[in-house]
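Given next are the chains, with one letter for each unit.
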Amino acid sequence: MRLAPSLLAADFGRLLEQAQAVSDLSDYLHWDVMDGHFVPNLTFGPVVVNALRDKISIPFDIHLMIADPQRYAPHFKVRSDDLVSFHVEAVSDPIPVIETIQKAGAKAGIALRPKTPLSAVERFLDQIDFLLIMSVEPGFAGQSFIAETLEKIRQAKELISKKNLSVAIEVDGGVNAQNIREIARAGADIIVAASAIFGQSDPRAALEQLRSLIIS
Ligand code: DX5
Ligand code: ZN
């Protein structure tokens, strides 16, 4: 089980400091890239993410919530263990975007909005490295976990093992100390959390607590 704190709930005036404060306890640093088109919010793009790339040693997990991932994905400076995902709802054909991300040297993932069925990505599973299942509507931190996601995670797990693939399942949105164990049990391999970490007075202690809940 891997944990990916999302900077969306961090203090953007102290991004580097906040990222460094949790990086030794984290498996990935999750970046929510939003363009104001695919989602009704704007955050940061390659300029900001790249500026921190060499200052943080752990892998980056770049979640593109943008209308044109094919255009912007190559602008991110990536390493071989970094994750880059884009939304299946944003593109007419995911294949060229998957190839662009993999050619740039990162691992490619497809993200699904809560209402998008697994059938929308089933035929691409053998080409991706991970599947990002959103458990809130993309756009904002601090929303409640959509309970139906648990079943979707179980079904994704089943589908992936039936096909004999090694696609990791990432779950993003509304994760907290009350539900993280159930999410892990449903089959999540990577869990993202913003508010439950950076929204707390002591992000390191919050992250340690989440970790203890999934290993105990
Ligand atoms: C939502 C983002 C999530 C968000 C999660 O659009 O993709 O990564 O940061 O925030 P919390 O953990 O607060 O629901
Ligand atoms: Zn995200």
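Up top is the structure these notes are about.
Residues numbered from 1 in each chain as written. Chains lettered and ligands numbered in written order. Predicted model: local features only at pLDDT ≥ 70, side-chain atom pairs only at ≥ 80, totals over all residues. Heavy atoms only, no water.

**Description of the coordination of the zinc ion (ligand 2)**
All of the protein donors around the zinc ion (ligand 2) are His30 (NE2), Asp32 (OD), His63 (ND1) and Asp172 (OD); their distances to the metal are 2.0 to 2.3 Å. Each of the six donor atoms around the zinc ion (ligand 2) contributes to a set of angles spanning 71 to 169 degrees, which defines the coordination as octahedral. Taken in sequence order, the residues that donate to the zinc ion (ligand 2) follow the motif H-x1-D-x30-H-x108-D. Of this pair, His63 sits in strand β3 (residues 60-65) while Asp172 sits in strand β7 (residues 168-172), placing them 109 residues apart in sequence. For the pair shown, His63 and Asp172 are each scored as buried. (Donors = N, O, S within 2.8 Å, 3.2 Å for Na, K, Ca; no water. Tetrahedral: all angles 85-135°; square planar, octahedral: opposite > 155°, others 65-115°. Helix = DSSP H or I, 4+ residues; strand = E, 2+ residues; numbered from the N terminus. Buried < 20%, exposed > 50% of the residue type's maximum accessible area, 1.4 Å probe, protein only.)

**Some words on the site of ligand 1**
In the vicinity of ligand 1, 20 residues are found, and the nearest of them are Gly139, Asp172, Gly174, Ala194 and Ser195. Contacts to ligand 1 include Asp32, whose side-chain N or O atom sits 2.8 Å from an oxygen atom. Taking 380 Å² as the accessible area of ligand 1 by itself, protein coverage stands at 99%. Elements with a contribution of two residues or more to the shell around ligand 1: β2 (29-34), β3 and β8 (190-193). Ranked by residue count, the leading element in the shell around ligand 1 is β2, at three residues. Per-class residue counts for the shell around ligand 1 are 10 nonpolar, eight polar and two charged. (Near = heavy atom within 4 Å. Polar contact = N/O pair within 3.5 Å; in protein donor to acceptor, adjacent residues only side chain to side chain. Areas by Shrake-Rupley, 256 points an atom, 1.4 Å probe, with all protein chains shown as cover. Nonpolar A, V, L, I, M, F, W, Y, C, P; charged D, E, K, R; others polar.)

**Some thoughts on the sheet that holds β8**
The eight strands are arranged β1-β8-β7-β6-β5-β4-β3-β2 in an open sheet whose pairing can be described as parallel. Of all the strands in the sheet, just β1 (2-5) and β2 have a single pairing partner and so form its edges. Ignoring which end each strand starts from, the neighbouring axes of this sheet average 20 degrees apart. Inspection of the sheet shows strand β4 (residues 83-87) paired to strand β5 (residues 107-112) by five bridges, in the parallel sense. For Val84, the partnering residue across the bridge sits in β5 and is Ala108. Running at roughly 140 degrees to β5, helix α4 (residues 94-103) makes contact with β4 and β5 of the sheet. (Pairing = 2+ DSSP bridges. Axes fitted to C-alpha atoms, helices over the stretch in contact; angles between N-to-C directions. Contact = heavy atoms within 4.5 Å.)

**A look at the environment of Gly139**
For Gly139, the location among the structural elements is in the loop between β6 (130-134) and α5 (149-162). Spatially, the C-alpha atoms of Gly139 and Val33 are 9.4 Å apart, while their sequence positions differ by 106 residues. When neighbours within four sequence positions are excluded, Gly139 is seen to be in contact with Met34, Val39, Asn41 and Met65.

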